[in-house]
Amino acid sequence: MIQTQLYIDGQWQSPIDQGTRAIVSPADESVIAQAAEATRADARLAIAAARRAFDGPWRQTTIRDRARLLNKIADLIDRDAEKLAHLESLNTGKTLTESRTDMGDIAATFRYFAGLVASESGAVNEAPHHVISRTLREPVGVCGLITPWNYPLLQAAWKIAPALGAGNTVVIKPSNLTPLTTHHFTQLIAELDLPPGVFNLVTGGAEVGAELAESLDVDLVSFTGGAFAGESIMKAATGNFKRIGLELGGKNPNIVFADADLDAAVDYALNAAFFHAGQVCSAGSRLMVEDSIYDAFIGRLAERLPRIVIGNGFHGETQMGPVQSAQQHEKILGMVQAGIAEGARLVHGGKRPAGDVFRKGYWLEPTLLADVTAGMKIAKEEIFGPVITAERFHSEAEALRAANDTPYGLAAAVWTRDLDKGNRMSRALRFGTVWVNDYHPYFPEAPWGGYKASGIGRELARIGLDEYTELKHSYINLAPKAMGWFGA
Ligand code: NAD
């Protein structure tokens, strides 16, 4: 049985009150680990250690040291990729293929930020000859990093790599449902020669996250999760006006015009919605199809859905695993019922699959609800499960209006052979990412984040590093002379 601990000030330790939490496999509900469950008191110790480390010698590290550190971490991720992928699938239920892809992306993220950090040089500004004026980037300080359960280590990597690369110290709090890969990652960090307190792990629930958000000793909080927690973090951050980054939910339209390549659009509509059983913040669960091809498109999806292989993520043939928790399972089934009650037509799924192997665990059939209209709850709220809701539209203007009519703005996709129309839609959609004739790709080089209620700030890309820095104007007068302005 895996047992996890906290990592504070360079030491592995149990929570002060010895709290533990059983970690459960979403595939069969068996207990797979006992995780340390921290309290606010443990979080305070971790914050104090990170504060001491930031105010101490860590501030003297050079960009070369930090770039080397990120590259070393990437090498360790590669070394343990199979172990990490196994833990991620065990804890989240996602297929091993997806977890292996995550680990490759994580190592790439560390290498990308290593390169960016190494190229950081500040700027010398134009100034009088006796003055040196420089624009410098400096670390923000102690960073509290709070991550969700759907992409546990990937989301952590998007935060840890730029935070450490920019010279900050870190307290990370993964979701208490899925701490296993962040714990293993911390074991990799412990192999390195970092000063105590630079990297701290506290596993626990909302209270531990709230302590990070409220603490006056934390300078920045970067959070990925739901809008409810995001709002309380934003409020708590006013205590010391700490810097915040929020990556929140989405309600992401996947818009198919009649002139699209339909083979590709049908295929990607499934990929957009059922990747990781739809538990992706950018999942394309809101399918919008032009009227003239709507019925045929629904027909083609209906043929494919029963063929999707549901099963344990460790089996090679599995295409879709379970959802992560009992709570999610119940919530998704409730959303499907709410949709049917509002008049949506259940084409496929909407229930636990038949068979003995699916009796335990959080299994759901891939689900298609057709004839959804823009006003329905299922067209507006995030479902976060393997459910496609399909709406019909008659014109480009109608599609655009309906797609933008959501409080969220994380990601959208457009399918058309008319690239002028694709470009027009791409410009007019109010979303942080818009794909044309594709779904899901993201790279460390491109920014990730949302408009409107999908969040504040961006991760990845150059801006994803800049979020973890303060800008300083350093002005040095090399030949000071009295001015004689006042009372001379
Ligand atoms: P959640 O908000 O319940 O929890 C996220 C994290 O915040 C967890 O570690 C949790 O313990 C902690 N937390 C909860 N309440 C808190 C509080 N009041 N103060 C501080 N910390 C608190 O979200 P979740 O259910 O774990 O994740 C699913 C959500 O995350 C979905 O809405 C999804 O869209 C979103 N998400 C967004 C992105 C993105 O990039 N925008 C990526 C992945 C997930």
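On a predicted model such as this, the values are computed, not experimentally measured, just so you know.

With that out of the way, let us pick up the packing of aromatic side chains. On inspection of all chains with the given rule, the structure shows 14 aromatic pairs. Seen in terms of ring centroids, W435 and Y439 are 4.6 Å apart; in terms of plane orientation they differ by 45 degrees. Their pairing is tilted. We classify W435 as buried; its relative accessible area is 7%. Relative accessible area serves as the criterion here: at 3%, Y439 is assigned to the buried category. A connected cluster of aromatic rings, assembled from ring pairs, spans W158, W435, Y439, Y442 and W448.

Packing of helix α2 (residues 63-79) against helix α4 (residues 96-118) brings their axes to within 8 Å, and their N-to-C directions diverge by 170 degrees. Of the possible angle classes, the one that applies to α2 and α4 is roughly antiparallel. Crossing handedness for the pair α2 and α4: left-handed. Contacts between α2 and α4 pair I63, R66, A67, L70, N71, I73, A74, D75, I77 and D78 from the former with M103, I106, A107, F110, R111, F113, A114, V117 and A118 from the latter.

What follows covers the sheet that holds strand β16 (residues 367-372). Judged by pairing direction, the sheet is mixed, and its 7 strands sit side by side in the order β15-β16-β17-β14-β13-β18-β19 without closing on themselves. Of all the strands in the sheet, just β15 (345-348) and β19 (433-436) have a single pairing partner and so form its edges. Pairwise comparison of adjacent strand axes, ignoring direction, gives a mean angle of 20 degrees for this sheet. As defined by bridge partners, strand β18 (residues 411-415) adjoins β19 across 4 bridges and the pair is classed as parallel.

Here the focus is the environment of Y451. The residue Y451 is located in the loop between β19 and β20 (455-456) in this model. Here the alpha-carbon distance between Y451 and F431, two residues 20 residues apart in the chain, equals 5.5 Å. Look past the residues within four positions of Y451 in its chain and what remains in contact with it is Y408, G409, R430, F431, G432 and R458.

At a closest axis distance of 8 Å, the pairing of helix α3 (residues 81-92) and helix α6 (residues 180-191) adopts a crossing angle of 155 degrees. Judged on the interaxial angle alone, α6 and α3 are roughly antiparallel. Across the interface between the two elements, K83, L84, L87, E88 and N91 from α3 touch L180, T181, H184, F185 and L188 from α6. Here the residues of the contact of α3 with α6 sort into 5 nonpolar, 3 polar and 2 charged.

In total, this model carries 35 salt bridges according to the counting rule given. Between E37 and R21 there is a salt bridge; the shortest N-O distance is 3.9 Å. Of this pair, E37 sits in the loop between β5 (31-36) and α1 (40-55) while R21 sits in strand β4 (residues 20-24); the two residues are 16 residues apart in sequence, bridging distant segments of the chain. A salt bridge links R68 to D65; the shortest N-O distance between them is 3.9 Å. Of this pair, R68 and D65 are both found in helix α2, 3 residues apart, which corresponds to roughly one turn of the helix. Classification of R68 as partly exposed rests on a relative accessible area of 48%. Overlapping salt bridges, with partners in common, bring together R40, R44, E207, E211 and E214 in one network.

Before going further, it helps to examine the site of the ligand. Within the structure, the ligand sits among 28 residues, and T147, W149, G226, L248 and E382 are positioned closest to it. Within the backbone of T147, one N or O atom sits 2.8 Å away from an oxygen atom of the ligand. Measuring from an oxygen atom of the ligand, one finds a side-chain N or O atom of W448 at 3.0 Å. Here the ligand loses 86% of its free accessible area of 850 Å² to cover by the protein chains. When the residues that make up the shell around the ligand are grouped by side-chain class, the tally is 14 nonpolar, 11 polar and 3 charged.

As a further point, take the sheet that holds β5. Pairing within the open sheet is mixed, and its 3 strands lie in the order β1-β5-β4. Of all the strands in the sheet, just β1 (2-3) and β4 have a single pairing partner and so form its edges. Note that β1 and β5 share 2 bridges and pair parallel. Residue Q3 lies in a different strand from β5, and its bridge partner there is Q34.

The next point concerns the nonpolar core. If you look at the biggest cluster of nonpolar residues, it comprises 99 residues, and the most contacted ones within it are I73, F110, F199 and F297. By residue number, the principal contributor to this core is α4, which donates 10 residues. Ignoring anything within four residues of it in the chain, the contact list for F297 reads V256, L262, A265, V266, A269, L287 and V289. Counting 26 residues, the second largest nonpolar core, distinct from the first, contains L6, A38, A237 and I244.

Rules used throughout
- Residues numbered from 1 in each chain as written.
- Predicted model: local features only at pLDDT ≥ 70, side-chain atom pairs only at ≥ 80, totals over all residues.
- Heavy atoms only, no water.
- Phe/Tyr/Trp six-rings, centres within 6.5 Å; stacked < 30°, edge-to-face > 60°.
- Buried < 20%, exposed > 50% of the residue type's maximum accessible area, 1.4 Å probe, protein only.
- Axes fitted to C-alpha atoms, helices over the stretch in contact; angles between N-to-C directions.
- Helix = DSSP H or I, 4+ residues; strand = E, 2+ residues; numbered from the N terminus.
- Parallel < 35°, antiparallel > 145°, perpendicular 65-115°, else oblique.
- Left-handed = near helix turned anticlockwise from the far one by under 90°.
- Contact = heavy atoms within 4.5 Å.
- Pairing = 2+ DSSP bridges.
- Nonpolar A, V, L, I, M, F, W, Y, C, P; charged D, E, K, R; others polar.
- Salt bridge = Lys/Arg side-chain N within 4 Å of Asp/Glu carboxyl O.
- Near = heavy atom within 4 Å.
- Polar contact = N/O pair within 3.5 Å; in protein donor to acceptor, adjacent residues only side chain to side chain.
- Areas by Shrake-Rupley, 256 points an atom, 1.4 Å probe, with all protein chains shown as cover.
- Core = buried A, V, L, I, M, F, W, Y, C linked by side-chain atoms within 4.5 Å.

What is shown is where atoms sit, not what they do.
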